[in-house]
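Each chain, written out:
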Amino acid sequence: MNSGANSGANPGAEAGADSTDGDYRVYNNFYGPQYHGRAHFGIATAERPGRARATGLLDGDEIDTLLRSYIRPDCFDDAARELTRTGIVVLTGPQGTGKRSGAVALLRETVGPSADYVVLSPDIGLDQLAERTFDEGVGYVVLDRTGTAGTAGGAGGTGSAGSAGAAGAAAGPSSDFDWRRVRDQLRRHRAHLVITTVHGVVGRAPEAVRHLPWRPPVLDKVVRARLVQARLPREIVDRAVSGIPPRCPIAVVAEAAQRIAAGADPDQAWKEHSGRAPQAVQEWFGAEEERSLREIAEVTTLAFAPGIGRRAFESLQDLLERLLEPVYFTPEADPADGAAAPDATGQAGAAPDGQDPRQRRRARPVDRRRSLSRNALITTEMQVYGATTREVMVFADAELRRWVLQALWRDHPTEYWDAVRHWLDALVDADPDPALQLSIASGLTLLGHIAFDEVVQSYLDPWARGESGETGQTLAVYVLWYMCLEETQAAAALTLARTWAQSLHPTLRGTALIAFSGQLGVTFPTDAVKWLWAVLRSGALEKRAEREHGLRAWAQLFLTLVDCQEDAGIVLDALAFRIRKERRTRSAAYSATGLLVLETTHWVFTATERLSGRPAVARHLADRPEDTDIVAELWAAILCYRPLRRNALSALLVAARGLPAVTSDPTAAAARLGHALAAALPQVEHALLKSELGRLAVSRPTRATGPDCVATLLGALNSAKDTHPR
């Protein structure tokens with residue numbers, strides 16, 4: 001699996017650093033624009049759909065969105081009293097019951113609206129909570145807690161999560177002693193914590209921390225409050241309230257109410273958000289006449305490969321039909337195909353001329369296009385690709401896809417799903433193009449909503465272990481990245497990737513590195529840094545290629561965070577913390593861990609965007625000038641380590657020359673970096689750096705016509721005083 005970061009392989013190269021072509025950026029390792037729902041993978045411009053980080057300081061706008069027109073359920077007051085009394089409460093209940101907004105509302109009620117609210121990782125363990133230093137007066141929340149994460153320093157087990165662990169179940173029953181430690185730590189720091197989870201209490205409930213079953217508020221009150229706030233006419237409000245489907249999840253109700261408030265017709269909004277299969281799917285699967293093998297193959301193929309051309313679709317369908325034939329007792333009887341009708345025993349009768357019926361069927365082409373034209377769930381559309389258009393196969397309504405998968409899972413036996421698994425494995429082994437890979441991954445993500453164990457055991461675990469080669473690994477990662485775009489599945493994706501990182505299986509660890517360096521790392525950046533370092537430091541990556549894979553993952557995570565305009569400083573902070581720790585504890589030479597930190601820093605600073613070749617660190621300096629000091633501190637560390645000095649100088653030259661392409665004021669950015677380097681470097685290093693960097697710049701002339709940022713940097717270095725001698 002190729003990385004989107006070009007780092008480490010040729011530290012001295014600076015190809016493309018001066019390019020000023022279109023402002024494109026690269027997400028991970030896709031090879032073209034790919035649009036799938038809310039995800040946008042590949043080459044992107046300024047617009048970035050998708051889900052940002054799920055942990056860290058809760059944004060004020062997000063709080064306002066969650067609590068706008070919030071209606072308290074009957075259990076709210078009980079939970080608020082418990083949170084005030086003990087500092088912690090656990091909300092249990094299925095997805096879609098409003099636990100997320102309830103947790104934030106409880107914190108606002110308890111610690112006040114002006115306090116900070118911090119979202120912690122759903123993979124955090126009770127031992128980590130008990131040892132954490134909480135900030136006084138701050139409200140903390142763990143959303144969809146999955147159980148204990150174990151320790152990041154070692155690897156345990158030879159396999160992966162397994163179905164229970166992958167689904168996010170706790171690794172074992174938590175004792176009352178564990179909960180008591182967490183409660184006492186919160187009291188000691190005068191902080192408050194709300195935990196939400198879909199897992200109820202197994203066995204005896206802990207006495208130290210109350211686990212409260214969470215119930216949603218009255219649905220008509222939720223809808224009425226939102227629509228009244230939007231100042232809609234009373235007639236529309238009454239229609240919307242009367243149309244609420246029975247047993248509709250609160251999250252679905254809130255989304256439908258938002259659409260109605262924005263002007264959607266209430267009847268249409270509830271039809272789309274009813275939580276029931278659309279009428280077309282119910283009628284198609286509930287028809288009196290049982291659906292034929294070909295019809296089932298049609299909707300199955302489209303469920304995993306929408307948006308492809310007719311020829312490719314028919315090829316995939318043909319392969320699936322061959323694998324499904326043993327599942328059906330009778331061959332399909334379609335006069336248009338020239339197939340013989342089955343006799344009383346269920347076997348195809350002899351052809352009139354004595355010819356084998358199967359040979360007869362193979363002799364005449366199968367008219368799949370006529371069959372597709374009769375399928376009410378499937379249609380075609382014309383898609384524009386540059387100056388050309390092409391006809392592709394799609395569902396009649398995009399929402400039909402998930403309902404078709406649900407019906408297939410509900411109505412078809414294990415033998416059918418075994419055939420589907422063999423079919424998808426065959427597609428993966430054929431190395432499909434990136435568009436088809438993304439289609440398969442998004443289909444498996446939708447299937448995971450209703451059959452997560454099936455997806456993990458039949459596809460993700462085997463593919464992540466390398467059983468289908470590099471393409472299988474890529475697809476396993478894509479599925480995790482798609483899961484990160486959904487609040488209900490992101491925690492499960494994190495848990496699964498963590499178990500891969502802890503595995504002793506080298507390919508599983510490699511797949512985890514890729515997953516954490518992309519969208520999973522954007523959603524859970526602190527967890528990504530933690531587990532990338534755990535894998536790299538564990539000594540499991542003994543071979544040079546495996547070690548470079550781990551180093552490249554760090555560079556790719558930094559590049560991805562910079563590109564998504566997330567806080568890439570998390571990566572820099574982790575490296576700086578370890579370098580400072582090394583300086584405090586070492587007597588002379590760096591330890592093996594210290595050298596690993598320096599090498600990782602070098603890889604991060606040489607990460608470049610895949611198309612433009614611009615250094616990611618230059619863009620980070622332009623986007624977040626407040627991080628200039630920590631960048632200079634890290635650069636000073638690798639400059640002072642002589643085996644990496646030449647590469648560090650080369651990276652510094654590339655970064656300085658890359659500033660004009662990423663900021664409107666490159667001179668100021670270069671001056672800031674020069675002053676920060678002067679403060680971070682020992683005085684004896686100043687003259688040496690100016691001399692060596694100057695000679696390197698002369699030996700590598702550039703055709704850029706913008707400001708000479710290298711000269712600006714050297715000038716700032718020359719004028720600065722050594723305020724922090726070492």
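Here's a quick rundown of the structure. (Residues numbered from 1 in each chain as written. Predicted model: local features only at pLDDT ≥ 70, side-chain atom pairs only at ≥ 80, totals over all residues. Heavy atoms only, no water.)

Summing up its helical and strand segments, the chain has 33 helices and 12 strands in all. Relative to its full complement of 726 residues, the chain shows a buried share of 53%. Counted over contacts in the chain with a minimum sequence separation of 6, partners at least 24 positions apart contribute 74%. Roughly 32,400 Å² of accessible area belongs to the chain as shown, and the carbon and sulfur atoms make up 49% of that amount. (Helix = DSSP H or I, 4+ residues; strand = E, 2+ residues; numbered from the N terminus. Buried < 20%, exposed > 50% of the residue type's maximum accessible area, 1.4 Å probe, protein only. Contact = heavy atoms within 4.5 Å. Areas by Shrake-Rupley, 256 points an atom, 1.4 Å probe, with all protein chains shown as cover.)

Turning our attention to the packing of helix α27 (residues 592-605) against helix α30 (residues 642-658). Closest axis-to-axis distance for the α27/α30 pair is 10 Å, and the angle between their directions is 25 degrees. One way to sum up the angle between α27 and α30 is to call them roughly parallel. In this structure, α27 crosses over α30, and the sense of that crossing is left-handed. Contact residues: α27 offers Leu598, Glu599, His602 and Phe605, while α30 offers Leu644, Asn647 and Ala651. Per-class residue counts for the contact of α27 with α30 are four nonpolar, two polar and one charged. (Axes fitted to C-alpha atoms, helices over the stretch in contact; angles between N-to-C directions. Parallel < 35°, antiparallel > 145°, perpendicular 65-115°, else oblique. Left-handed = near helix turned anticlockwise from the far one by under 90°. Nonpolar A, V, L, I, M, F, W, Y, C, P; charged D, E, K, R; others polar.)

This part covers the pairing of strand β9 (residues 192-197). Counting buried positions along β9 gives six out of six residues, so the element sits mostly inside the fold. Residues His192, Val194 and Thr196 of β9 are buried on one face, and the alternating residues Leu193, Ile195 and Thr197, pointing to the opposite face, are buried as well. Of the strand pairs in this sheet, strand β6 (residues 88-92) and β9 are connected by five bridges, and their pairing is parallel. Residue Val90 lies in a different strand from β9, and its bridge partner there is Ile195. Bridging between strand β8 (residues 139-142) and β9 involves four bridges; their strand directions are parallel. Its bridge partner being in β9, Val141 is matched across the sheet by Val194. (Pairing = 2+ DSSP bridges.)

The next point concerns the pattern of salt bridges. In this structure the tally under the stated criterion is 30 salt bridges. Among the salt bridges present, the one from Glu633 reaches Arg580, with a minimum N-O distance of 2.8 Å. Within this pair, whereas Glu633 is found in helix α29 (residues 628-640), its partner Arg580 is found in helix α26 (residues 569-585), the two being separated by 53 residues in sequence. When its relative accessible area of 36% is taken as the criterion, Arg580 is described as partly exposed. What you see here is one network of salt bridges that share partners, running through Arg642, Arg645, Glu685 and Glu692. (Salt bridge = Lys/Arg side-chain N within 4 Å of Asp/Glu carboxyl O.)

What follows concerns the environment of Arg181. Take Arg181: it is sitting in helix α6 (residues 176-189). Look past the residues within four positions of Arg181 in its chain and what remains in contact with it is Asp127, Ala130 and Glu131.

Turning our attention to helix α33 (residues 709-719). The set of residues buried in α33 consists of Cys709, Val710, Leu713, Leu714, Ala716 and Leu717. Take α33 and look down its axis: the buried residues cluster within an arc of 160 degrees, on one side only. In this structure, α33 carries Asn718 and Ser719 as exposed residues pointing more than 90 degrees from its buried face. Packed against the buried residues of α33 are α30, α31 (666-680) and α32 (683-699). Where α33 begins, the side chain of Asp708 points an oxygen toward the backbone nitrogen of Val710, at a separation of 3.3 Å. (Arc of directions from axis to C-beta. Polar contact = N/O pair within 3.5 Å; in protein donor to acceptor, adjacent residues only side chain to side chain.)

Spatially, the six strands line up as an open sheet ordered β5-β7-β8-β9-β6-β10, and their pairing is mixed. In the strand order of this sheet, the two ends are held by β5 (56-57) and β10 (211-213), each with one partner. Pairing between strand β7 (residues 117-120) and β8: four bridges, direction parallel. Bridge assignment links Tyr117 to a residue of β8, and that residue is Gly139. Set on the sheet, helix α2 (residues 76-86) makes contact with β6, β9 and β10; between it and β6 the angle comes to about 150 degrees.

The next subject is the pairing of strand β11 (residues 378-385). Taken together, the eight bridges between β11 and strand β12 (residues 388-395) define a ladder with antiparallel strand orientation. By the bridge assignment for β12, Thr379 is matched with Val394. Counting the residues between successive antiparallel strands, the hairpin from β11 to β12 contains two residues, one of them, Gly386, with a positive phi of roughly 65 degrees.

The biggest cluster of nonpolar side chains holds 145 residues, and the ones touching the most others in it are Phe304, Leu377, Leu424, Leu444, Leu520, Trp554 and Trp635. Broken down by element, this core gets its largest block of residues, 10 residues, from helix α20 (residues 469-484). Filtering out sequence-adjacent residues up to four positions away, Leu377 remains in contact with Ala280, Val281, Trp284, Phe285, Val299, Val394, Phe395, Ala396, Leu400 and Val404. Leu66, Tyr70, Leu91 and Val141 belong to the second largest nonpolar core, which has 26 residues in total. (Core = buried A, V, L, I, M, F, W, Y, C linked by side-chain atoms within 4.5 Å.)

Treat this as a map of the structure, not an account of what it does.
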